[in-house]
Amino acid sequence: MRTVLVTGGTRGIGRAVVERLAPTWRVVIGGRDAAAVAEAVARHPHATGFVADLTDPDAVARAVAGLGDLDAVVHSAGTVAHGPATSQSWEQWRRVLDLNVIAVAELTRLLLTRLRASHGQVVVINSGAGFTARPGNAVYAASKFALRAWSDALRAEESGALRVSSVHPGRVDTDMQRELQAAEGREYDTTGVMSVEAVAAAVVFALEAPSDACIETVSVRPAR
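Given the structure is predicted, the values throughout are model-derived calculations rather than measurements.

A.B. asks: Would you explain the side chain of Ser-165 in this entry?
C.D. replies: As for its placement among the helices and strands, Ser-165 is situated in strand S6 (residues 163-169). There is a polar contact of 2.6 Å between the side chain of Ser-165 and the backbone oxygen of Ile-215. Discounting residues that sit within four places of it in the chain, Ser-165 has contacts with Val-122, Val-123, Val-124, Arg-155, Ala-206, Ile-215 and Glu-216.

A.B. asks: How do you make sense of the packing of aromatic side chains when you look at a structure like this?
C.D. replies: Each aromatic ring pair is characterised by the separation of its centres together with the angle its planes make. Following the criterion strictly, the structure yields 0 aromatic pairs and no others. One cation-aromatic arrangement involves Arg-148 over Phe-145; the distance from NZ or CZ to the ring centre is 5.2 Å.

A.B. asks: Quick question: what am I supposed to make of the pairing of strand S7 (residues 217-220) here?
C.D. replies: Strand residues, when the strand is regular, have side chains that alternate between the two faces of the sheet. Of the two faces of S7, only one is covered, namely that formed by Val-218 and Val-220; the face formed by Thr-217 and Ser-219 stays uncovered. For S6 and S7, the ladder comprises 4 bridges, and the chain directions are parallel. Of the residues in S7, the one forming a bridge with Ser-166 is Thr-217.

A.B. asks: Honestly, the side chain of Gln-88 in this entry has me stumped. Any pointers?
C.D. replies: When you line up the elements, Gln-88 lands in the loop between strand S4 (72-75) and helix H4 (90-117). At 3.4 Å, the side chain of Gln-88 forms a polar contact with the backbone oxygen of Pro-84. A distance of 3.1 Å separates polar atoms of two side chains, one belonging to Gln-88 and the other to Ser-87. The residues contacting Gln-88, other than those within four sequence positions of it, are Ala-81, His-82, Gly-83, Trp-93 and Val-139.

A.B. asks: It is not clear to me how the nonpolar core should be interpreted in this structure. Could you clarify?
C.D. replies: Nonpolar side chains in soluble globular proteins generally cluster together in the buried interior. Ranked by size, the top nonpolar core spans 34 residues in total, and within it Val-27 and Val-74 carry the most contacts. The biggest single contributor to this core is helix H7 (residues 196-207), with 8 residues. Once residues within four sequence positions are removed from consideration, Val-74 is found in contact with Val-4, Leu-5, Val-6, Thr-7, Val-17, Val-123, Ile-125, Val-203 and Leu-207.

A.B. asks: Can you help me understand the pattern of salt bridges in this one?
C.D. replies: Side chains that differ in sign of charge can pair as their charged atoms come close. Evaluated as defined, the whole model comprises 6 salt bridges. Between Glu-19 and Arg-43 there is a salt bridge, with the nearest N and O atoms lying 3.3 Å from each other. Linking Glu-19 in helix H1 (residues 12-21) with Arg-43 in the loop between helix H2 (34-42) and strand S3 (48-51), this pair joins segments that are 24 residues apart in sequence. What makes Glu-19 partly exposed here is its relative accessible area of 36%. Residue class for Arg-43 comes out partly exposed when judged on its relative accessible area of 29%. Two residues, Asp-98 and Arg-94, come together in a salt bridge whose shortest N-O distance is 3.7 Å. Here Arg-94 and Asp-98 lie together in helix H4, a separation of 4 residues that amounts to about one turn. Bridged by salt links that share partners, the residues Glu-19, Glu-39 and Arg-43 form one connected network.

Cut-off values and rules
- Residues numbered from 1 in each chain as written.
- Predicted model: local features only at pLDDT ≥ 70, side-chain atom pairs only at ≥ 80, totals over all residues.
- Heavy atoms only, no water.
- Helix = DSSP H or I, 4+ residues; strand = E, 2+ residues; numbered from the N terminus.
- Polar contact = N/O pair within 3.5 Å; in protein donor to acceptor, adjacent residues only side chain to side chain.
- Contact = heavy atoms within 4.5 Å.
- Phe/Tyr/Trp six-rings, centres within 6.5 Å; stacked < 30°, edge-to-face > 60°.
- Lys NZ or Arg CZ within 6 Å of the ring centre and 35° of its normal.
- Buried < 20%, exposed > 50% of the residue type's maximum accessible area, 1.4 Å probe, protein only.
- Pairing = 2+ DSSP bridges.
- Core = buried A, V, L, I, M, F, W, Y, C linked by side-chain atoms within 4.5 Å.
- Salt bridge = Lys/Arg side-chain N within 4 Å of Asp/Glu carboxyl O.

The following block contains the structure:
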């Protein structure tokens, strides 16, 4: 049975990924809230927890030190900002870039020895905003463009040692989507919004590809 760490594994897409993988993988469920992680771990017989604020390098290093062998990491934790490009403060830029880009790069760096040993996989939950920037999402899109660049570079650098996949969902039924629509001044509407299970299926597709194939980039869009 292979082992996978899923960050943001207590809610949204991360939780759906955990639910999909738990029957056939040993799942390490990542989250910042110890109680939420413990509740998620209790639902799955082969699960363990990984509790850390991903923007705290010392906390991440301590959590990584407690891990054993690892075959894959799914980076699902993330945050969003909304508003005109000219209105975003220094603090908003740092908050989004720290979690969406720097934390992903640092956690992966700390896991590299384990992942190389298993010829493992890195799956990054990116966004449609990693391809196209639209009015009102400059900070978020900038973070996702940067995350795509980092993923492409890692894939090239670790070719033959790791497989690196980027999954780019469109709008998904999550708390983040509710926040975005509220920021746009709208009542929450699921028209043109996918389920978290649809994205989780794409993640599993990438993880369970034959070992001689790498699913490099997957764009998952609402069908309606």
